[in-house]
Amino acid sequence: MSNKIGFVETPLEIANLMIELSNIDRNALVLDTGCGKGVFLQALENKGYKNVYGVEIDGELYEYCDGRYGEKFKIIRGDFLTFTFNRKFDLIIGNPPYVHFNRIPPEIADNVREMVKTSEGDIYYAFIIKSISLLKEGGELIYIVPYHFFYNTYAKFVRDVLLQSGKIEVIIDLDETRLFNNENPEVVIFKFKKGEYDLKNEEIKLLKVKTVNTNSLEIYEKAIKSLSEEASNDIFDYVKIPHYLNSESWSTFVINIPNFPSVKMKDIAKVGVGLVSGFDEAFTLDEEKADVRLKFNDGEINLVKRFVKGKYCKRFIVDGSGLYILIDGSVKNEKELELMYPNIYKKILPFKDIMSKRYLPKKKEWFHWQALRNYKFLISNLNKKRIYVPTLDRRPYNRFSLGEEGLLPSGDVLFIQPHNDEDLYFLLGYLNTSFFRKYYLGKGGRRGGRISFTQRLLENVEIPLFPKEIKEKIIHTTKEIISKLKEGNDTSPLEKELDDLVYSAIVSL
């Protein structure tokens, strides 16, 4: 049964927790949107619910649940997303499948795309939308799902539907807690109530797990205790947050930030993603094993570029780079590559079969880089310094790092190129402060235990309009930090000074 599409068994304690979040009467009409092995049916039976429907698409799982619960509940064999229900429900509950669109069977994919308005979403998006349509006014939806629908660009329609249809009452953020056998997706439990509400006057009860090293029973007991007492405990932080008011990225990271005059990053700098080879092994050059300049002709040397990867971002400074062969569209065909760049051709030829299987846009040959995003801009600004930051990072501090001239970004970093060169050190200093980290996490940049820097979020962050003297102090302190780092000296006092400077300046704005 474990090999079903998107099927992951929910622990009974988690099902019990979800049911206890409901305020629906035991005689109300309940729907389990994917019976699986019947854990929610078991929990509903134990809690005394009587009018329960369950639907299951898989024949084997359906037979299992119908045999065990069919005399007490109505078990339906069918696809929840296409099944026509002749009634609406007071409570809809479950753990829908988590399957990205490109892995959904074709017979289901078209319906999912129509429901979620994108081919880049997840099947559970469709489950949320369909469930809301099947709720009575005042009805409740309680799901455990991956956290990424809070921030994913392609889930904006789902967030819109939730905001337009009712309110979220409870969120239990379980992070990457190991709830499921061999699986640890970053999940949240949320309770939604359908109806018309003035969301400006609504609050969400938010629980955030403090440690992923806990178990289902502890989660059940401590979540119930935290909600009933409206207080934090050793497993959960408890807080009430204002309800989300728009469908921009939602966050469970809470920080009280005063409003400050600002400009968006995209108005003062170019933010972009790095270049992707699609198969680094073929294009990487090892400087320790070979002197490239002795082996390559002049034309070949022009195809060799220095790249910044995430591992070279040491916070404030880029420390190191890697050599790559970058073959762009100027090399039209394989024959030209072999004649004009014989040593490079010889180096990458053993990888031809593998590289031919990469996804490549039309007009690209097997030896081309897969995605040269922002390439023209980067090449035209190759003589400039810029800021790099890893796209995903588990470190407890930001690693915005200054790269010297002649560097290009790899696919695991973003770059920031200020329109005005004078903003380079100001941005570098400000973006590495603890204030900005908290601010950014509050905008939805958390991915499990990692911080995620995306082009969209960084483009839209608010950069404070500090007075000239404050900007100059930030620039001066940032340059001091860089100087000491290059000398191998401790920079923690200066970094604290920078943090304090920014915090006090924000408050005074």
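Our structure's up above, just so we're on the same page.
The rules behind these values
- Counting from 1, residues in each chain are numbered in the order their sequence is written.
- At least 70 in pLDDT is required for a residue's local features to be given in this predicted model, at least 80 for side-chain atom pairs to be given and counted, and no such filter applies to totals for whole chains, interfaces and linings, which use all residues.
- Side-chain numbers here rest on the full set of heavy atoms in the structure, without hydrogens or water.
- Elements are defined by DSSP. Helices are runs of H or I of four residues or more, strands are runs of E of two residues or more, and each kind is numbered from the N terminus.
- Categorising residues by exposure relies on relative accessible area from a 1.4 Å probe, with only protein chains included: less than 20% of the type maximum marks a residue as buried, more than 50% marks it as exposed, and the intermediate range marks it as partly exposed.
- Whether two residues touch is decided by their heavy atoms; if any such pair falls within 4.5 Å, the residues are in contact.
- Residue exposure ignores everything except the shown protein chains as possible cover, and the areas themselves are Shrake-Rupley values with a 1.4 Å probe.
- The rule is simple: put a 1 Å grid over the protein atoms alone, call a set of points where a 1.4 Å probe fits but cannot get out a cavity, call an open set with protein on both sides within 12 Å along at least five of seven lines a pocket, and count a residue as lining if it has an atom within 4 Å of a point.
- Grid points are joined across faces, edges and corners, and a volume is the space filled by probe spheres set on the points.
- Gly is put with the polar residues, along with every residue not named as nonpolar or charged; the nonpolar set is Ala, Val, Leu, Ile, Met, Phe, Trp, Tyr, Cys and Pro, and the charged set is Asp, Glu, Lys and Arg.
- A pair of strands counts as paired when DSSP detects no fewer than two bridges linking them.
- Counted as salt bridges are all cases of a side-chain nitrogen of Lys or Arg within 4 Å of a carboxyl oxygen of Asp or Glu.
- Between the rings of Phe, Tyr and Trp (Trp by its six-membered ring), a pair exists once the centres lie within 6.5 Å; its type follows the angle of the planes, with under 30 degrees stacked, over 60 edge-to-face, and the other angles tilted.
- Note on geometry: a ring has a charge over it if NZ (lysine) or CZ (arginine) is within 6 Å of the ring centre and within 35 degrees of the ring normal.
- Expected span, for any helix, means 1.5 Å times one less than how many residues it has.
- Simply put, an axis is a line fit to the C-alpha atoms, just over the touching stretch for a helix, and the angle between two N-to-C directions goes from 0 to 180 degrees.
- Throughout this description, any angle smaller than 35 degrees is read as roughly parallel, any larger than 145 degrees as roughly antiparallel, any in the 65 to 115 degree range as roughly perpendicular, and the remainder as oblique.
- Left-handed describes a crossing whose near helix is turned anticlockwise from the far helix through less than a right angle; right-handed describes the clockwise counterpart.
- Between N or O atoms, a polar contact is any pair within 3.5 Å; within protein, one atom must be a potential hydrogen donor and the other a potential acceptor, and residues adjacent in sequence are included only when both atoms are from side chains.

S.K.: Describe the overall build of the chain, and please don't skip the residues or the numbers.
M.R.: Scanning the chain from N- to C-terminus turns up 20 helices and 23 strands. Taken along the three principal axes of its C-alpha coordinates, the chain extends 80 × 60 × 35 Å. The buried share among the 509 residues of the chain stands at 54%. Expressed as a percentage of contacts within the chain between residues at least 6 apart in sequence, the contacts between residues at least 24 apart total 72%. Surface exposure of the chain reaches about 23,700 Å², of which carbon and sulfur atoms provide 47%.

S.K.: Could you give an account of the layout of surface pockets, with specific residues and numbers?
M.R.: In this structure, the largest pocket occupies an estimated 1,100 Å³ of space. Taken together, 32 residues form the lining of the largest pocket, with Ser249, Ser251, Ile255, Gly442 and Lys443 sitting closest to its centre. Counting residues per element, the ones that place at least two in the lining of the largest pocket are strand E9 (236-242), helix H17 (434-442) and helix H18 (455-460). The biggest single contributor to the lining of the largest pocket is E9, with four residues. Within the lining of the largest pocket, the residues separate by chemical class into 16 nonpolar, eight polar and eight charged.

S.K.: Could you give an account of the sheet that holds strand E11 (residues 269-273), naming the residues involved and the relevant values?
M.R.: The strand order across the open sheet built from five strands is E11-E20-E16-E18-E14, with neighbouring strands paired in mixed fashion. Of all strands in the sheet, those bounded by a partner on one side alone are E11 and strand E14 (316-317). In this sheet, strand E20 (residues 413-418) lies alongside E11 in antiparallel orientation, the contact comprising five bridges. Within E20, the position partnered with glycine 272 by the bridge is phenylalanine 415.

S.K.: Any details on the pattern of salt bridges? Residues and values, ideally.
M.R.: For the structure shown, the criterion picks out 28 salt bridges. Here aspartate 110 and arginine 113 are joined by a salt bridge, their closest N and O atoms 2.5 Å apart. Within this pair, aspartate 110 and its partner arginine 113 are both found in helix H4 (residues 106-116), separated by three residues, close to a single helical turn. Overall, aspartate 110 belongs to the partly exposed group, its relative accessible area being 47%. Linking lysine 240 and glutamate 230 is a salt bridge whose minimum nitrogen-to-oxygen distance equals 3.6 Å. Of the two residues, lysine 240 is situated in strand E9 and glutamate 230 in the loop between helix H7 (216-229) and E9; the sequence distance between them amounts to ten residues.

S.K.: An account of the pairing of strand E16 (residues 386-390) is needed here, citing residue identities and associated values.
M.R.: The buried fraction of E16 amounts to five of the five residues, a majority that puts the element mostly inside the structure. Burial along E16 is two-sided: the face carrying Arg386, Tyr388 and Pro390 and the face carrying Ile387 and Val389 are both buried. In terms of strand pairing, E16 meets strand E18 (residues 401-403) through three bridges, oriented antiparallel. The residue of E18 that forms the bridge with isoleucine 387 is leucine 402. For E16 and E20, the ladder comprises four bridges, and the chain directions are antiparallel. In the sheet register, isoleucine 387 faces E20, and the bridge partner there is isoleucine 416.

S.K.: Residue-level account of the packing of aromatic side chains, with values.
M.R.: Counted according to the given criterion, the structure contains 37 aromatic pairs. For the ring pair phenylalanine 400 and phenylalanine 436, a centre distance of 6.1 Å and an interplane angle of 70° mean the geometry is edge-to-face. Of this pair, phenylalanine 400 sits in the loop between strand E17 (392-393) and E18 while phenylalanine 436 is found in helix H17, placing the two residues 36 residues apart along the sequence. Of the residues examined, phenylalanine 436 reaches a relative accessible area of 0% and is grouped as buried. Within the aromatic cluster, the residues linked to one another by ring pairs are Phe260, Phe400, Phe426, Tyr430, Phe435, Phe436, Tyr439, Tyr440, Phe453, Phe466 and Tyr503. The ring of phenylalanine 80 is capped by lysine 130, whose NZ or CZ atom sits 5.0 Å from the centre of that ring.

S.K.: So what's going on with helix H19 (residues 468-487)? Which residues, and what values?
M.R.: Residues three or four positions apart in an α-helix share a direction because the helix packs 3.6 residues into each turn. Taking 1.5 Å as the rise per residue, H19 with 20 residues should run 28 Å; its terminal C-alpha atoms sit 29 Å apart, in good agreement. Buried within H19 we find Ile470, Ile474, Ile475, Thr477, Thr478, Ile481 and Ile482. Those residues of H19 hidden inside the fold are in contact with E14, E18, helix H16 (424-431) and helix H20 (492-508).

S.K.: Lay out the packing of helix H2 (residues 39-46) against helix H3 (residues 59-69) with the relevant residues and their values.
M.R.: In contact at an axis separation of 11 Å, H2 and H3 are set at 15° when each is read in the N-to-C sense. In terms of axis orientation, H2 runs roughly parallel to H3. Every pair of crossing elements has a handedness; the one defined by H2 and H3 is right-handed. For the pair H2 and H3, contact is made by Leu41, Gln42 and Glu45 and by Cys65, Arg68 and Tyr69, respectively.

S.K.: Got a sec to walk through the sheet that holds strand E15 (residues 322-325)? Specific residues and values, please.
M.R.: Pairing is mixed across the open sheet formed by four strands, whose spatial order is E12-E15-E13-E19. The open sheet terminates on both sides in strands that have one partner only, identified here as strand E12 (284-285) and strand E19 (407-409). Pairing between strand E13 (residues 304-308) and E19: three bridges, direction parallel. Among the inter-strand pairings, arginine 306 is bridged to a residue of E19, identified as leucine 407.

S.K.: Please give an account of unusual backbone geometry that cites residues and values.
M.R.: Residue glutamate 230 is not a glycine yet carries a positive backbone phi of 50°. Residues other than glycine seldom take positive phi values, yet arginine 315 does so here, at roughly 80°. With respect to the helices and strands, the residue arginine 315 is situated in the loop between E13 and E14. On the basis of relative accessible area, arginine 315 is assigned to the buried category, the value being 12%.

S.K.: Help me get a handle on the side chain of aspartate 423, residues and values and all.
M.R.: Summarising the element assignment, aspartate 423 is placed in the loop between E20 and H16. For aspartate 423, a relative accessible area of 12% gives the class buried. When near neighbours in sequence (up to four residues on either side) are disregarded, aspartate 423 contacts Ile268, Pro418 and Lys471.

S.K.: Any details on the side chain of aspartate 79? Residues and values, ideally.
M.R.: Mapped onto the fold, aspartate 79 is located in the loop between strand E3 (74-77) and strand E4 (89-94). There is a polar contact of 3.0 Å between the side chain of aspartate 79 and the backbone nitrogen of leucine 81.

S.K.: Give me the lowdown on H17, citing residues and values where you can.
M.R.: Within H17, burial applies to Phe435, Phe436, Arg437, Tyr439, Tyr440 and Leu441. As for H17, its buried residues are in contact with H16, strand E21 (446-447), strand E22 (450-452), H18, strand E23 (462-464) and H20. Backbone geometry just downstream of H17 places glycine 444 in the positive-phi region, at approximately 105°.

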